[in-house]
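Listed here are the chains, written in short residue letters.
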Amino acid sequence: AQSVSQHNHHVILSEAASLELGCNYSYGGTVNLFWYVQYPGQHLQLLLKYFSGDPLVKGIKGFEAEFIKSKFSFNLRKPSVQWSDTAEYFCAVNAGGGYNKLIFGAGTRLAVHP
Amino acid sequence: EPEVTQTPSHQVTQMGQEVILRCVPISNHLYFYWYRQILGQKVEFLVSFYNNEISEKSEIFDDQFSVERPDGSNFTLKIRSTKLEDSAMYFCASSEGQGTQYFGPGTRLLVL
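Everything quoted here is computed from the prediction, not taken from an experiment.

Caption draft 1: Inspection of the overall build of chain B at higher detail. If you tally the helices and strands in chain B, you get zero helices and eleven strands. Across chain B, helices and strands are ordered from the amino to the carboxyl terminus as β-β-β-β-β-β-β-β-β-β-β. In terms of overall size, chain B behaves like a compact globule, its C-alpha atoms giving a radius of gyration of 13 Å where 112 residues would be expected to give roughly 13 Å. Dimensions of chain B along its principal axes, counting C-alpha atoms only, are 35 × 25 × 25 Å. Out of the 112 residues in chain B, the part that is buried amounts to 47%. Nonlocal contacts in chain B, meaning residues at least 24 apart in sequence, comprise 53% of its contacts between residues at least 6 apart. As displayed, chain B offers around 5,700 Å² of accessible surface, 46% of which is attributable to carbon and sulfur atoms. Taken together, the 9 basic and 14 acidic charged side chains of chain B have centroids lying 4 Å from each other.

Caption draft 2: Just the pattern of salt bridges, in detail. All names here are of chain A. Applying the stated criterion across every chain yields a total of eight salt bridges over all chains. For Glu64, the salt bridge identified is with Arg77, shortest N-O distance 3.5 Å. Taken as a pair, Glu64 in strand β8 (residues 64-68) and Arg77 in strand β9 (residues 73-78) lie far apart in primary sequence, 13 residues in all. Residue Glu64 is classed as buried on the basis of its relative accessible area, which comes to 18%.

Caption draft 3: Structural context of the interface of chain B and chain A. Contacts between the two partners involve 18 residues from chain B, matched on the other side by 19 residues from chain A. Both sides of the chain B and chain A interface together cover about 1,700 Å² of buried area, and 59% of this is carbon and sulfur. Taken as a group, Lys42, Val43 and Phe103 of chain B account for 29% of the area that chain B buries against chain A, more than any other trio of residues on that side. Put simply, chain B and chain A have one salt bridge between them. Salt-bridge contacts for Glu56 of chain B lead to Lys101 of chain A; the nearest nitrogen and oxygen are separated by 3.7 Å. Linking chain B to chain A there are four residue pairs in polar contact (both at pLDDT 80 or more). Among the elements that line the side of chain B that touches chain A, the one with the most residues is strand β4 (residues 31-37) of chain B, at four residues. Looking at side-chain class alone, the side of chain B that touches chain A contains eight nonpolar, eight polar and two charged residues.

What counts and how
- Residues numbered from 1 in each chain as written.
- Chains lettered and ligands numbered in written order.
- Predicted model: local features only at pLDDT ≥ 70, side-chain atom pairs only at ≥ 80, totals over all residues.
- Heavy atoms only, no water.
- Helix = DSSP H or I, 4+ residues; strand = E, 2+ residues; numbered from the N terminus.
- Rg over C-alpha atoms; globule rule 2.2 N^0.38 Å.
- Buried < 20%, exposed > 50% of the residue type's maximum accessible area, 1.4 Å probe, protein only.
- Contact = heavy atoms within 4.5 Å.
- Areas by Shrake-Rupley, 256 points an atom, 1.4 Å probe, with all protein chains shown as cover.
- Lys, Arg positive; Asp, Glu negative; His and termini not counted.
- Charge placed at Lys NZ, Arg CZ, Asp CG, Glu CD.
- Salt bridge = Lys/Arg side-chain N within 4 Å of Asp/Glu carboxyl O.
- Buried area = accessible area lost by both parts, 1.4 Å probe.
- Polar contact = N/O pair within 3.5 Å; in protein donor to acceptor, adjacent residues only side chain to side chain.
- Nonpolar A, V, L, I, M, F, W, Y, C, P; charged D, E, K, R; others polar.

Shape is all these values report; function is a separate question.
Here is the structure:
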């Protein structure tokens, strides 16, 4: 069965620290990959996505992610986090076509201290 | 910017009662979804809907669940006889068809 693993459940950083959140998926075919963010009290928002092309994708708010097909990974990065990045981050995979279900990882709760 | 909206934001119900959760997808979207997130657990897919029929459903989506698009704008999830374990946050999502799903703010359902 398809699955998504996020390695870190809780991450605590100071402002200006660099961030990398791991995401691995298990599926042998073509995938679409997503990172969603959920700020406190808000709904899931799309941070960035990968469908095809350049494996390094840039999203909103300075986030980027790199798709490494050989490692089945799609890690999220940000060179310098801000307090406002405090949120829960979800990696998700859409396998097998444009309108199929999203399979989510368990989420990583990020707390950034000023 | 268009958004997916959901009502109510919170719903408290007694076990065995029927609930209807409502969603208004983004107007030009054609694919609609329901997901749920039990407290402390992953966001789980329930059902996808396209062209007035279910296109895919998960094991969770049993006979107690149904979806409907009663008019041109609403998309509803009905739980016929709620159980304690149905307590969760229910998210509606919609997409134009190319994979990016846009989520609503969710309805927090509490079954007592």
